[in-house]
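Fold and geometry: a report
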Amino acid sequence: MKDMRRIFAEWPASIARQGLLITSFGESIPFCSYMLCGDLILVERKTPDASGARRVIMPLECIHAIKILEAVEMPRFTSMGFQGLS
């Protein structure tokens, strides 16, 4: 979970804060913005889901994957802690 927090906390300004979260409860959540509070994340959707919700608060540990929808060069992810292998 520490790594997931780092990814969101150190998200580069040059990459739009949007993507798709895959959660442990089997839901895909598209997001266009987010905020952190301790071990929680608040994500905002551009459009409401089937329940009418535009925002979701959940523990970071519930995130299984983050899909980046924008075409981004790999080196721009180094600020999140990723490293290239030689």
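These numbers were taken from a predicted model, which means no experiment stands behind them.

1. Description of the pattern of salt bridges
- Per the stated rule, a full pass over the model turns up five salt bridges.
- For the salt bridge of Arg 6 with Glu 10, the shortest nitrogen-to-oxygen distance reads 3.3 Å.
- For the salt bridge of Glu 44 with Arg 55, the shortest nitrogen-to-oxygen distance reads 3.1 Å. With Glu 44 in strand S4 (residues 40–44) and Arg 55 in strand S5 (residues 55–59), this residue pair connects regions lying eleven residues apart in the sequence.
- Salt bridges linked by common partners bring Glu 27, Arg 45 and Asp 49 together as one network.

2. Points about the packing of aromatic side chains
- Across all of its chains, the model carries seven aromatic pairs by this definition.
- By way of ring pairs, the aromatic residues Phe 8, Trp 11, Phe 31 and Tyr 34 are connected into one cluster.
- Its end group placed over the ring of Tyr 34, Arg 17 keeps NZ or CZ at 4.2 Å from the ring centre.

3. What to know about the nonpolar core
- Ranked by internal contacts, the top residues of the largest apolar core, which has 19 residues, are Phe 8, Trp 11, Leu 21, Ile 41, Val 43 and Ile 63.
- Those elements that provide at least two residues to this core are helix H1 (2–9), strand S2 (28–31), S4 and S5.
- If one sorts the elements of this core by residue count, H1 sits on top with three residues.
- If sequence neighbours within four positions are ignored, Val 43 has contacts with Leu 21, Ile 29, Phe 31, Ser 33, Tyr 34, Arg 54, Arg 55 and Val 56.

4. Considerations on the environment of Cys 32
- Residue placement: Cys 32 occurs in the loop between S2 and strand S3 (33–37).
- When its relative accessible area of 23% is taken as the criterion, Cys 32 is described as partly exposed.
- Along the chain, Cys 32 and Trp 11 lie 21 residues apart, while their C-alpha atoms are 13 Å from each other.
- Excluding anything up to four places from it in sequence, Cys 32 contacts Arg 17, Gln 18, Glu 44, Arg 45 and Lys 46.

Here is what the cut-offs are and how they apply
- Residues numbered from 1 in each chain as written.
- Predicted model: local features only at pLDDT ≥ 70, side-chain atom pairs only at ≥ 80, totals over all residues.
- Heavy atoms only, no water.
- Salt bridge = Lys/Arg side-chain N within 4 Å of Asp/Glu carboxyl O.
- Helix = DSSP H or I, 4+ residues; strand = E, 2+ residues; numbered from the N terminus.
- Phe/Tyr/Trp six-rings, centres within 6.5 Å; stacked < 30°, edge-to-face > 60°.
- Lys NZ or Arg CZ within 6 Å of the ring centre and 35° of its normal.
- Core = buried A, V, L, I, M, F, W, Y, C linked by side-chain atoms within 4.5 Å.
- Buried < 20%, exposed > 50% of the residue type's maximum accessible area, 1.4 Å probe, protein only.
- Contact = heavy atoms within 4.5 Å.

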